Protein chains: 2
Amino acid sequence: MAGTTPQPHSRTRSWWGWGWEDAHPDDAECTAMGALIPGTLARPLPVPRVRDLGIAGPAVEAPRSLAHLVTDDPGDRAAHAMGKAYRDVVRALRGRPGRIPDLVARPTDDREVADLLEWAGERRVAVVPYGGGSSVSGGVEYRGDAHGAVMSLDLTAMGRVLEVDAEGRAARIQAGTLGPSLEDQLRPHGLTLRHFPQSFEFSTLGGWLATRAGGHYATGRTHIDDFAQSMRVVTPAGTSSSWRLPASGAGPSPDRLFLGSEGALGVITEAWVRLQARPRHKASASVAFARFDDALRAVRALAQSDLSPANCRLLDAGEAALSGAARDGSAVLVLGFESADEPVTARLDRAVALARSHGGRSGATVGASGASGASRADAGPGGDAAVSAWRSAFLRMPYLRDGLARMGAVAETFETAATWDRIPGLIEAVRTEVGAAALKATGHPATVNCRLTHVYPDGAAPYFTVLAAGRDGDEDALWDDLKAVAVEVLHRHGATVTHHHAVGRDHRPGYDRQRPEPFALALRAAKAALDPHGILNPGVLVD
Amino acid sequence: MAGTTPQPHSRTRSWWGWGWEDAHPDDAECTAMGALIPGTLARPLPVPRVRDLGIAGPAVEAPRSLAHLVTDDPGDRAAHAMGKAYRDVVRALRGRPGRIPDLVARPTDDREVADLLEWAGERRVAVVPYGGGSSVSGGVEYRGDAHGAVMSLDLTAMGRVLEVDAEGRAARIQAGTLGPSLEDQLRPHGLTLRHFPQSFEFSTLGGWLATRAGGHYATGRTHIDDFAQSMRVVTPAGTSSSWRLPASGAGPSPDRLFLGSEGALGVITEAWVRLQARPRHKASASVAFARFDDALRAVRALAQSDLSPANCRLLDAGEAALSGAARDGSAVLVLGFESADEPVTARLDRAVALARSHGGRSGATVGASGASGASRADAGPGGDAAVSAWRSAFLRMPYLRDGLARMGAVAETFETAATWDRIPGLIEAVRTEVGAAALKATGHPATVNCRLTHVYPDGAAPYFTVLAAGRDGDEDALWDDLKAVAVEVLHRHGATVTHHHAVGRDHRPGYDRQRPEPFALALRAAKAALDPHGILNPGVLVD
């Protein structure tokens, strides 16, 4: 939903930065944060205004038959020009956003999506599918000039849960449904998708599916992929509707081709997704480690056990300090268990014992709630506080990032995944090489922190935070340079260019090197077959 | 391994029927089995002989540079003419097998696979990739006459575990490795793949990956798909080698395109697969149900619980009787738990209690072994016996099927999957309509049994066994008619044409109806890009 078309009773979305306008740090907060990073500005850059962009009229006009679905309002167009990566925020702050789409369309059903695609194909108008707009990899903007006009296809007018199969724990849900609304609509049925990416408030089911989003679970079924029971995708070559099946072995999975297709093969309009009973039992704890290597071994042992923690996030010392989980130089492992069936404290106790056996300390059961809703606060030193500090920081982080961007700082994250044999060397190399590159470029030392967000029996997903001085007026180019250093390290360590943030346009160089060439041939051929005019999200995945 | 080229110290594989020659039922056993099915022959059809086929010389000759990889031995060629479906066995018994391949090639590395494909492409020789040859859906034969010659590409000379990453629990394994050899090579490392399809002895890793095989686990990660960490696939357009990653969100998964590609897009030559510690704790039990509907509800509750049984197979009354698990008209649920970490008897007890709460009876812990290897035989009525009777029958079943085929009976299985809302009606309709069709065609009542082999929170995989009189000399055509009736029922109930037996050529009609048309366009385009001369396993998946 664009910031310039506020809904009744709703807060206003920021057109240029993360989330809600009223949640942004104010100038004083920005200044205080900036003071923590050497080499940043003395006062914040002003909040950018749409009217300063001097947006020209649209290069194309929708036909009368589609006019009711389309707007050329400048504010709406500006809000759909980019996603919400650090480099997007900087470009907005610096008054040079990505290409402004000529039109924003809001279809309300499959037929309207098909009609819009048909018209766009005839006119060679580029179509950029848009869910919550929270892409952090350049997934929802247009780059280049191969198309005379660009239309942002905003799916949020398709935001309903259409059917619930309570017995089979599944629901048919429109792609434009935002996270909170999706859970609100499922709640009366006692069911939940439990897909809670950091972007939960500002991302949609369709966006999650199109980008293979990572969600709530730190182990097991970590990506939305496994929760897609069937999908409906409108392509220029027709509508693909897979059958609702719990599993199938009939040829390569049709859904798996569209999962991660990032709008390049079609527009996901709805899906049946697998749901769960709402958990009645929860327990969490934190375990501190003096040595990060011990913590890595503990996490690997947990990932290879039967325990299946829902949350199993390891913060390195810097990340623990930044989030307030620990300030003594410890790494902190945040563990959480949940179940709809039975109490989970025994599993938590076993997990904490396992972590202790690898050198963890001060592990304690810090919060457990049973069906009654009663909770026990059996907090060891720093326990409960560490978990909740981490949670609040997690949700607040993107707002703070934007505040730091206003101070001219570099404040961004990136994430990856690799097998266990690569993990220690990979993390060390990212810290060292990205840190050195930032120092060289800015003359100031940078902070490079790491956490593991998802863990597997065969590897883990490290997530890095970089805080550094910027380069006044040129912060996005500086970040691009630092990211290129990071991608080079990832490539050298056989680590994927993204574990759950999609390829978009920003990750194309790394993706193109990583992807097997025969698969690229197949993907290009599939794209040409489904999108013969090349109008769908040009530039993501393939050219 | 072809039956006509016995390896030292090995038993002889049957060229025409399942498994080992010495495990086939003899004439007396066949006659006794046949007597149980009205309308079958009085004495068994003779065991077919290769020399009676009058195999002509090959239509093509390999070039000198590849001659050492290729044989035109008639026995070897006959053994590679078909898979091991009932209809394949009947065609062999009746002296009219599928088209005999002109050559059988046994490459020993990727380069040799690529060289063979290059030559075949130049000469437009059809190439049928062949692992253990256990296809039951016409996956390893050639039909039609669009190609002047056919080469079976037998991968079993590539049968080694090449690397083991014990820390990350993964191994790099050549595609032609047969199940027992794969586990034998992993055992010294204390690791296991635990993929145990019914065909385990006679199928290969490459075959499992190419067909999205279903394995050991009845819940959770049921298919080989989830155990593929990376894959290497030789295509006519180059070799695809995906990175070893625990997870990735970078575009549609390359591996998921090749998983289930059935040799139509390339030849899988090796894969890194995810392994597990060998289980130290096991426990199993059986629970009987007077009413099948109660059993269905119990199984659904189990599938939706946290319990994750490794085995959770529900036999209907007929299947329970046939396998000796129960002879009193009860349905029988066979439950098994296993863990490398901790005792599983508590989980088994909870599962049995849950089953009892849905009307199960005589549930008992029937076998539990701890790390010591000690086992407790706490068998309730029929318990231990039911489990082991079912296990032996499971492995013996394909041999008995061939014995019944020699008696002119129809004896075949097929399987599917559907959401829970469809399951009761689907099973009833298959029983009724396939039974009626068999009666009408043969004048004799048929047996149509059902078991659930895999269960999910959102559905289940029913597996049907059909035993009926045949039609002397025409049993395969009769079976095709019955199968067409079955596929019609599946289609009407939104049930997949196969849950884990692949599409091959036999399932094409059902598959073509089920597959979304835009996905078919994409798949055809991918095929044309990777296999421009159309030589790879022509007729499977796409034309």
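From a predicted model like this one, the values you see are computed outputs, not experimental measurements. (Residues numbered from 1 in each chain as written. Chains lettered and ligands numbered in written order. Predicted model: local features only at pLDDT ≥ 70, side-chain atom pairs only at ≥ 80, totals over all residues.)

## A word on the overall build of chain A
Summing up its helical and strand segments, chain A has 15 helices and 20 strands in all. Relative to the 2.2 N^0.38 estimate, which gives 24 Å for 543 residues, the radius of gyration of chain A is 23 Å and therefore close to what a compact globule would have. Judged by the C-alpha coordinates and their principal axes, chain A covers about 70 × 60 × 50 Å. When the 543 residues of chain A are sorted by exposure, 61% land in the buried category. (Helix = DSSP H or I, 4+ residues; strand = E, 2+ residues; numbered from the N terminus. Rg over C-alpha atoms; globule rule 2.2 N^0.38 Å. Buried ≥ 20, exposed ≤ 12 C-beta atoms within 10 Å, placed from the backbone.)

## Describing the sheet that holds strand β8 (residues 228-235) of chain A
All names here are of chain A. Here 5 strands make up an open sheet; going across it, the order is β5-β6-β10-β8-β9 and the pairing antiparallel. Each of the sheet's edge strands pairs with one partner strand only, and the pair in question is β5 (161-165) and β9 (238-241). Across the sheet, the axes of successive neighbouring strands diverge by a mean angle of 10°, strand direction being ignored. Where β5 meets strand β6 (residues 170-174), 4 bridges bridge the pair, whose relative direction is antiparallel. Directly across from Glu 163, in β6, lies its bridge partner Arg 172. The sheet contacts of helix α4 (residues 110-123) involve β8, β9 and β10 (267-274), and relative to β8 the element is tilted by about 40°. (Pairing = 2+ DSSP bridges. Axes fitted to C-alpha atoms, helices over the stretch in contact; angles between N-to-C directions. Contact = placed C-beta atoms within 7 Å.)

## Examining the sheet that holds strand β1 (residues 70-71) of chain B
Residue and element names in this part refer to chain B. Ordered in space as β1-β2-β4-β3, the 4 strands form an open sheet in which the pairing is mixed. Every interior strand has two partners, whereas the edge strands, β1 and β3 (126-130), have only one. Pairing analysis gives 3 bridges linking strand β2 (residues 103-105) to strand β4 (residues 150-154), with the strands arranged parallel. Bridge pairing in β4 links Ala 105 to Leu 153.

## As for the relation of the copies chain A and chain B
With an RMSD of 0.0 Å, the operation that places chain A on chain B is a rotation of 180° combined with a shift of 0.0 Å along the axis. Here the two chains are linked by the operation of a two-fold rotation axis. The rotation axis passes nearest to the C-alpha of Ala 525 of chain A in chain A, at a distance of 2.6 Å. Both copies share a contact surface, since 100% of the interface residues of chain A are interface residues in chain B too. (Least-squares fit on C-alpha atoms with pLDDT ≥ 70 in both.)

## Some details on the nonpolar core
Judged by nonpolar contacts, the single largest core of 332 residues is most densely connected at Val 299, Leu 333 and Ala 526 of chain A together with Val 299, Leu 333 and Ala 526 of chain B. If near-sequence neighbours (up to four positions away) are discounted, Val 299 of chain A is found in contact with Cys 312, Leu 314, Leu 333, Leu 452, Val 455 and Ala 460 of chain A. (Core = buried A, V, L, I, M, F, W, Y, C linked by C-beta atoms within 7 Å.)

## Focus on the packing of helix α15 (residues 517-530) of chain A against helix α15 (residues 517-530) of chain B
Relative to each other, α15 of chain A and α15 of chain B sit at 135°, their axes nearing to 8 Å. Taken together, α15 of chain A and α15 of chain B sit at an angle that is classed as oblique. Between α15 of chain A and α15 of chain B the crossing geometry is right-handed. Taken together, the residues of α15 of chain B that come into contact with α15 of chain A (itself represented by Pro 518, Leu 521, Ala 522, Ala 525, Ala 526, Ala 528, Ala 529 and Leu 530 of chain A) are Pro 518, Leu 521, Ala 522, Ala 525, Ala 526, Ala 528, Ala 529 and Leu 530 of chain B. (Parallel < 35°, antiparallel > 145°, perpendicular 65-115°, else oblique. Left-handed = near helix turned anticlockwise from the far one by under 90°.)

## Some words on unusual backbone geometry
Residues and elements named next belong to chain B. Of note in the backbone geometry, Arg 169 takes a positive phi value of approximately 50° without being a glycine. Note on placement: Arg 169 falls in the loop between β5 (161-165) and β6 (170-174). Even without being a glycine, Arg 212 presents a positive backbone phi close to 50°. You can see Arg 212 is positioned in the loop between α6 (205-211) and β8 (228-235). With 28 C-beta atoms packed within 10 Å, Arg 212 lands in the buried category.

## Here's the deal with the packing of helix α12 (residues 423-442) of chain B against helix α13 (residues 475-492) of chain B
All names here are of chain B. Close contact between α12 and α13 brings their axes to 9 Å; oriented N to C, the two are set at 155°. When the interaxial angle is binned, α12 and α13 end up roughly antiparallel. Note on packing geometry: the crossing formed by α12 with α13 is right-handed. Each of Ala 429, Val 430, Glu 433, Val 434, Ala 437, Ala 438 and Ala 441 in α12 lies in contact with α13, whose residues at this interface are Leu 478, Asp 481, Leu 482, Val 485, Ala 486 and Val 489. In the contact of α12 with α13, the residues fall into 11 nonpolar, no polar and 2 charged. (Nonpolar A, V, L, I, M, F, W, Y, C, P; charged D, E, K, R; others polar.)

## Looking at the pairing of strand β9 (residues 238-241) of chain B
Residues and elements named next belong to chain B. As paired strands, β8 and β9 are joined by 4 bridges and run antiparallel to one another. Note on β9: the bridge partner recorded for Arg 232 is Ser 241. Turn length for the β8-β9 hairpin, with the two strands adjacent in sequence and antiparallel, is 2 residues.

## Overview of the environment of Gly 98 of chain B
All names here are of chain B. For Gly 98, the location among the structural elements is in the loop between α3 (86-93) and β2. With 19 C-beta atoms counted inside 10 Å, the residue Gly 98 sits in the partly exposed group. With 218 residues separating them in the primary sequence, Gly 98 and Asp 316 have C-alpha atoms 35 Å apart. If sequence neighbours within four positions are ignored, Gly 98 has contacts with Ala 81, Met 82, Arg 91, Glu 141, Tyr 142 and Arg 143.

## Things to note about helix α1 (residues 27-34) of chain B
All names here are of chain B. Cys 30, Met 33 and Gly 34 are the residues of α1 that are buried. One face of α1 carries all of its buried residues, which in axial projection span an arc of 100°. Exposed and oriented more than 90 degrees from the buried face of α1 are Ala 28 and Ala 32. (Arc of directions from axis to C-beta.)

## Examining the interface of chain A and chain B
Counting residues at the interface gives 79 residues for chain A and 79 residues for chain B. Listed by contribution, the elements that provide at least two residues to the side of chain A that touches chain B are β8, β9, α7 (254-258), β18 (418-419), β19 (447-456), β20 (459-469), α14 (508-514) and α15 of chain A. Looking at the side of chain A that touches chain B element by element, the count peaks at 11 residues for α15 of chain A. A class-by-class count of the residues in the side of chain A that touches chain B yields 34 nonpolar, 31 polar and 14 charged.

## Observations regarding the environment of Ala 522 of chain A
Relative to the helices and strands, Ala 522 of chain A is located in helix α15. A tally of 30 C-beta atoms within 10 Å means that Ala 522 of chain A is categorised as buried. Along the sequence, Ala 522 of chain A and Phe 227 of chain A sit 295 residues apart, while their C-alpha atoms lie 25 Å from each other. Aside from chain neighbours lying at most four places away, what touches Ala 522 of chain A is Leu 257, Ala 526, Ala 529 and Leu 530 of chain B.

## A short note on α13 of chain B
Residue and element names in this part refer to chain B. Between its first and last C-alpha atoms α13 spans 26 Å; for 18 residues at 1.5 Å apiece the expected length is 26 Å, and the two agree. Along α13, the residues that are buried comprise Glu 475, Asp 476, Leu 478, Trp 479, Leu 482, Lys 483, Ala 486, Val 487, Val 489 and Leu 490. For α13, the elements touching its buried residues are α3, β17 (410-415), α12, β20 (459-468) and α14 (508-514). Looking at the residues trailing α13, positive phi occurs at Gly 494, about 65°. (Expected span 1.5 Å × (residues − 1).)

## What about the environment of Trp 20 of chain B?
Residues and elements named next belong to chain B. Structurally, Trp 20 is set in the segment before α1. A count of 16 C-beta atoms within 10 Å places Trp 20 in the partly exposed class. When the C-alpha positions of Trp 20 and Asp 474 are compared, they lie 26 Å apart, and in sequence the two are 454 residues distant. In this view, Trp 20 contacts Arg 11, Thr 12, Arg 13 and Ser 14; residues no more than four positions away in its chain are not counted.

## Notes on the pairing of strand β10 (residues 267-274) of chain B
All names here are of chain B. Burial within β10 is extensive, with 8 of its 8 residues counted as buried. Pairing of β6 with β10, which is carried by 5 bridges, proceeds in the antiparallel orientation. Bridge pairing in β10 places Ile 173 opposite Ala 271.

## Overview of the confidence of the model for chain A
Residues and elements named next belong to chain A. Overall, the predicted model of chain A reaches an average pLDDT of 93, with 93% of residues at or above 70. Taken together, the stretch residues 1-7 has pLDDT below 50 and engages in 21 contacts with residues farther than four places along the chain or on a different chain. Every residue in residues 364-383 is under pLDDT 50, and counting partners more than four places away or in other chains gives 46 contacts. Scored by ipTM, the complex comes to 0.94, with pTM at 0.95. (pLDDT = per-residue confidence, 0-100.)

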